[in-house]
Amino acid sequence: MSGPGDAARVFKAYRVRPRLLFVSILLISAVGIAYEIALTRVFSIAQWHHFAYMAISMAMLGFAVSDTALGLARDRLRGREALVFRTAALLVPFGIVGCYAVSQTVPFETLELVSQPRQVGYLFLLYTILALPFLLVSTCVAVGFLLEPRRVGRVYFYTMLGSGLGAAGIIALMFFAPVASLPYLLAITAAGAFVLCALDSRRWLLGGFGALAGGAIVVALAGTTPIRVSDYKGLSYALRFPDATVVAEARSPLAELTAVSSALIRETPGQISGYSVEESGALPEQVGLYFDAGAVSPVHRFAGSLEPFAFLDHVTSALPYQLVARPRVLVVGAGGGTEVLSALVHRARAVIAVEVDPRVIPLVNETLGDFSGGLYARNDVRVVVADGRGFLQSHADRYDVIQIALLDSFSASAAGVHSLSESYLYTTEAVSLYLNRLTNRGVLAITRWLETPPRDAIKLFATVVEALEANGIENPWHHVALIRSWNAATVIATRTPLSEYQIRAIREFTAERGLDRAFHPGIDETEANQYTLLEQPTYYHAAREILFGDRERFYAEYPFHVEPATDNSPYFFRFFKWRSLPALIDAMGRDVVSFVEWGYLILILTVAQGSLAVLLLVLLPLSLLGRGETPPGVRPRTVLYFGGLGLAYMFLEIAFIQRFMLFLAYPVYAVGVVLTAFLIFSGLGSLFADRRLGAVGGGSATRRLVGVAIVLIAASVLLYGLVLPHLFGAGAGWGDAWRIAASLLFLAPLAFLMGIPFPAGLQLVSDRYERQVPWAWGVNGGASVVGAALAALTAVHVGFNGVVGLALVVYGGCYLVVRRIAA
């Protein structure tokens, strides 16, 4: 009869060779981070951008739960580590594909969260389902530490290196593969990781091949699961038209582009006012170009004649062309070409069209070339693929008109789904740059959709006024005007005071088209609010308060957040104020649901459900561990140290992702580059810590190493705060490859230092208080679950500098705690 010792010998015979183990961990870690980033893109298409933080939280939850479970079962796993590792590795590809497919059957709708309570349950169900693959990935990583307990730093290094490579690899893959196919491609990579770790065992290899082959057959027969797009997104509406046809598709890491043809598609830059279809003709046929199934930019049928586009002289964004003759125009956000056509209609002598997505121009000019008439190939139109702000910062040319187009849909703006979208196009620093790129006769025009109650246009007006003042203009009321229709508003600003001729042109333009003037030099209250009537001339009153009243008091007392956005807090679309909620409920009752900013609500729910999940799935199970096995005070210090590290690391990571969006222009690049730098170089830092402590050892050495690392982290962060603006300014004109390389090099030292405190502390706890290792892992993961969303929520209220400051305070606290652990 065989006993426990025999069983242990059997399991040990199937240990994974270290080299195979390390490479397997690298690949599985790469799959984990790549899947996390892929989910942010899935959510962007299925719902909206703000779910990115929920994807990060889900990934961290899977890690925290796995670490906790393995910590609790550590004694039972002895001798069986290789079995658990291979089993989890075999299940990872099935978990990725299966959980993604199941998640697309959940009927979750963001815009029904308040009106239908069951949507909260659907959201939690999504959160739980999509966390399962990360639990399997984390199981592999955590068991890797158990298989190599004396090589904690090395296992951590391969984990971080793999994660960094996965972050970079998934961005590259998005150029070629549809987002819906990414889970399946990542499952293939995960299957390769399993094969590597099974090479030591013929039985595992054959059995695993059989299971993977069976899974591949099932996927081949069933096909890939498409992304379930919200019924409230623009593409879903368009595809319900009886004659709707998808005529073209394209993709990049920025967006999935879908071109839809239908006779019912009619998208215009705001209300067309005072335009007679009988006299001037019907609007040209359009193809709707949808970005991530949401925002739409129409492509117009264009045969060379500009006469069919006379309607573009009847929208608010046509105002600057009434003030400047034969202008040289810069259009930021060219998209399908509406504002380019408007510039040509108004006899622009040259148009520079800046478009951030590299796939848009070939789609419009080539794929839809017969329909668009080769708009972007005209001699008087020059196309630039770049971020608008970055282009202006890197080129000193000046323009007679700078036109910031409507870059999102009216429905999305009204729903507040972009409330937590960082936008560096609408900050005071950005508008100041635009003003600096105007000629002396130049006009800046920014158009935004209107929201009710009034807030969006008021915030834009305040931003322009403060930017004028930042440019040294003492009397901004001579340089600014605001007009509106029922659904859009345009703010214009000039470097030189508006002349009497220009003011008269504003009056005539608005009167002839039935547009309302909210402010211009010399306006009287009786002139405002004449066509689209409000109960009060709210926009006029707001403009007067911003220009001539107690501005700070107005910001504080207005029921919405209309203080200008800055580069430190670039949340232009955030308007919600908690203290205004009771008054809104009293005034509107159940209709207040219409004014909920869904991005903000989702972030709060992410923090809440993440905290609840950590409490139930991490802290409660960990509390089952015996208390009498370690000296008093060790467990609280373990919780404070490793929980603090998790929060501080996530706070800095999120803050730098948001900061580098300005430099790298593309949000997905910022995520990929910052994660790659933080993970790879943190891994190198952990490897350094492992070797350093292996050479000197001891609690005092650990305390010194952690202390030096934290001091250098703080010094680096403070130095970065001084240097970053200069780096961003100097490198604005560099190509993508150079900016990415500079970002990686710039972040490397900080990331290296941030990789030291965790493995150093973990080795210390493992050597002295082994039973506290599960607490270290679980609490660190639990803090990371909440940390990502909490960092974003904190940034909304106190800015990125506040988030960074809090991170440094927490790091300082961690150093004080580790001194007590190492004593």
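Calculation criteria
Residues numbered from 1 in each chain as written. Predicted model: local features only at pLDDT ≥ 70, side-chain atom pairs only at ≥ 80, totals over all residues. Heavy atoms only, no water. Helix = DSSP H or I, 4+ residues; strand = E, 2+ residues; numbered from the N terminus. Buried < 20%, exposed > 50% of the residue type's maximum accessible area, 1.4 Å probe, protein only. Contact = heavy atoms within 4.5 Å. Areas by Shrake-Rupley, 256 points an atom, 1.4 Å probe, with all protein chains shown as cover. Patch = residues over 30% accessible without salt bridge, like charges linked within 9 Å, V, L, I, M, F, W, Y side chains within 5 Å. Salt bridge = Lys/Arg side-chain N within 4 Å of Asp/Glu carboxyl O. Lys, Arg positive; Asp, Glu negative; His and termini not counted. Charge placed at Lys NZ, Arg CZ, Asp CG, Glu CD. pLDDT = per-residue confidence, 0-100. Core = buried A, V, L, I, M, F, W, Y, C linked by side-chain atoms within 4.5 Å. Pairing = 2+ DSSP bridges. Axes fitted to C-alpha atoms, helices over the stretch in contact; angles between N-to-C directions. Parallel < 35°, antiparallel > 145°, perpendicular 65-115°, else oblique. Left-handed = near helix turned anticlockwise from the far one by under 90°. Nonpolar A, V, L, I, M, F, W, Y, C, P; charged D, E, K, R; others polar. Expected span 1.5 Å × (residues − 1). Phe/Tyr/Trp six-rings, centres within 6.5 Å; stacked < 30°, edge-to-face > 60°. Lys NZ or Arg CZ within 6 Å of the ring centre and 35° of its normal.

**As for the overall build of the protein**
- The helix and strand inventory of the protein stands at 29 helices and 12 strands.
- Along the three orthogonal principal directions, the C-alpha set of the protein runs to about 100 × 60 × 50 Å.
- Taking all 823 residues of the protein together, 61% fall into the buried category.
- When contacts within the protein are restricted to residue pairs at least 6 apart in sequence, those whose partners lie at least 24 apart make up 77%.
- In the structure as shown, the protein presents an accessible area of about 31100 Å², 60% of it carried by carbon and sulfur atoms.

**Digging into a negative patch on the surface**
- Taken together, the side chains of Glu-545, Asp-550, Glu-552 and Glu-563 make up a negatively charged region of the molecular surface.
- One can find Glu-545 in helix H20 (residues 538-548).
- Given a relative accessible area of 34%, Glu-545 falls into the partly exposed group.

**Structural notes on the confidence of the model for the protein**
- In this model, the protein carries a mean pLDDT of 85, and residues with pLDDT of at least 70 account for 90%.
- Low pLDDT, under 50, characterises residues 1-14; the predicted model gives this stretch 9 contacts beyond four residues in sequence or across chains.
- Taken together, the stretch residues 409-420 has pLDDT below 50 and engages in 43 contacts with residues farther than four places along the chain or on a different chain.

**Considering the nonpolar core**
- In this structure, Phe-85, Leu-652, Phe-656, Phe-660 and Phe-678 are the most contacted members of the largest nonpolar core, which totals 174 residues.
- Take this core: its biggest share by element is 23 residues, from helix H29 (residues 773-822).
- Excluding anything up to four places from it in sequence, Phe-85 contacts Val-16, Leu-21, Ser-24, Ile-25, Ile-28, Cys-140, Val-143, Gly-144, Leu-147 and Cys-197.
- Counting 56 residues, the second-largest nonpolar core is a separate cluster that includes Ile-352, Val-464, Ala-489 and Phe-573.

**A word on the sheet that holds strand E7 (residues 381-385)**
- The 8 strands are arranged E7-E6-E5-E8-E9-E11-E10-E12 in an open sheet whose pairing can be described as mixed. Of all the strands in the sheet, just E7 and strand E12 (516-519) have a single pairing partner and so form its edges. Taken over all neighbouring pairs, the strand axes of this sheet differ in orientation by 20 degrees on average, direction set aside.
- When strand E6 (residues 350-355) meets E7, the two strands line up parallel, connected through 5 bridges. Of the residues in E7, the one forming a bridge with Glu-355 is Val-385.

**Observations regarding the packing of helix H24 (residues 634-664) against helix H27 (residues 736-754)**
- Between H24 and H27, the shortest axis-to-axis distance is 12 Å and the interhelical angle comes to 165 degrees. As judged from the angle between their axes, H24 and H27 are roughly antiparallel. Crossing handedness for the pair H24 and H27: right-handed. The segment H24 lies against H27, with Tyr-649, Leu-652, Phe-656, Phe-660, Phe-663 and Leu-664 engaging Arg-739, Ile-740, Ser-743, Phe-746, Leu-747, Leu-750 and Met-754.
- Partitioned by chemical class, the residues of the contact of H24 with H27 number 11 nonpolar, 1 polar and 1 charged.

**Looking at the packing of helix H5 (residues 81-103) against helix H6 (residues 118-147)**
- Across the interface, H5 lies against H6 with an axial gap of 9 Å and an inter-helix angle of 160 degrees. The orientation of H5 relative to H6 falls into the category roughly antiparallel. Considering the relative orientation of H5 and H6, their crossing is left-handed.
- Classifying every residue of the contact of H5 with H6 gives 22 nonpolar, 4 polar and 1 charged.

**Some words on the side chain of Arg-513**
- In this structure, Arg-513 sits in helix H19 (residues 500-513).
- Of the residues examined, Arg-513 reaches a relative accessible area of 9% and is grouped as buried.
- When neighbours within four sequence positions are excluded, Arg-513 is seen to be in contact with Ser-273, Gly-274, Asp-313 and His-314.

**Brief notes about the environment of Phe-43**
- Take Phe-43: it is sitting in helix H2 (residues 18-46).
- With 184 residues separating them along the chain, Phe-43 and Ile-227 place their C-alpha atoms 8.9 Å apart.

**Digging into H27**
- Taking 1.5 Å per residue, 19 residues should reach 27 Å; H27 reaches 26 Å between its end C-alpha atoms and fits that length.
- Those residues of H27 that sit buried are Arg-739, Ala-742, Ser-743, Phe-746, Leu-747, Ala-748, Leu-750, Ala-751, Leu-753 and Met-754.

**What about the pairing of strand E1 (residues 245-251)?**
- Pairing geometry for E1 and strand E2 (residues 256-261), over 6 bridges, is antiparallel. Bridge pairing in E2 places Val-246 opposite Val-260.
- As consecutive antiparallel partners, E1 and E2 are separated by 4 residues.

**Considerations on a nonpolar patch on the surface**
- A cluster of nonpolar side chains, Phe-124, Leu-612, Leu-615, Leu-616, Leu-617, Leu-619 and Leu-620, forms an exposed patch at the surface whose accessible area comes to about 610 Å².
- For the nonpolar patch, the element with the most residues is helix H23 (residues 598-622), which contributes 6 residues.

**Some words on the packing of aromatic side chains**
- Evaluated as defined, the whole model comprises 30 aromatic pairs.
- On the numbers, 5.2 Å between centres and 70 degrees between planes, the contact of Phe-157 with Tyr-158 is edge-to-face.
- Pairing Trp-477 with Phe-548 gives two aromatic rings, centres 5.1 Å apart and planes at 50 degrees, and the pair type is tilted. Within this pair, whereas Trp-477 is found in the loop between helix H18 (456-470) and strand E10 (480-484), its partner Phe-548 is found in helix H20, the two being separated by 71 residues in sequence.
- Among the residues examined, Phe-548 registers a relative accessible area of 39% and is labelled partly exposed.
- Aromatic rings pair up to connect Tyr-649, Phe-656, Phe-660, Phe-663, Phe-678, Tyr-720, Phe-728 and Phe-746 into one cluster.
- Note that Lys-459 overlies the ring of Phe-572, its terminal NZ or CZ placed 5.7 Å from the centroid.
- If you follow Lys-459 out to its NZ or CZ, it ends over the ring of Phe-575, 5.1 Å from the centre.

**So, the sheet that holds E2**
- Here we have 4 strands laid out as an open sheet, ordered E1-E2-E3-E4, and antiparallel in their pairing. The strands lining the two open edges of the sheet, one partner per strand, are E1 and strand E4 (295-300). The mean inter-strand angle of the sheet, taken between neighbouring strand axes irrespective of direction, is 25 degrees.
- Each of E1, E2, strand E3 (286-291) and E4 touches helix H13 (residues 360-367); the most contacted strand, E3, lies at about 160 degrees to it.

**Describing H19**
- Given a rise of 1.5 Å per residue, 14 residues ought to cover 20 Å, and the 20 Å separating the end C-alpha atoms of H19 matches this to within 8%.
- Buried residues along H19 sit against E10, strand E11 (488-494) and E12.
- Of the residues one or two after H19, Gly-514 is the one with positive phi, at around 70 degrees.

**Re the pattern of salt bridges**
- By the definition in use, this model includes 18 salt bridges.
- With a shortest N-O distance of 3.8 Å, Asp-516 and Arg-484 are connected by a salt bridge. On the criterion of sequence distance, the pair formed by Asp-516 in strand E12 and Arg-484 in strand E10 is long-range, its members being 32 residues apart.
- Classification of Arg-484 as buried rests on a relative accessible area of 5%.
- For Arg-553, the salt bridge goes to Glu-557, with nearest N and O atoms at 2.9 Å.

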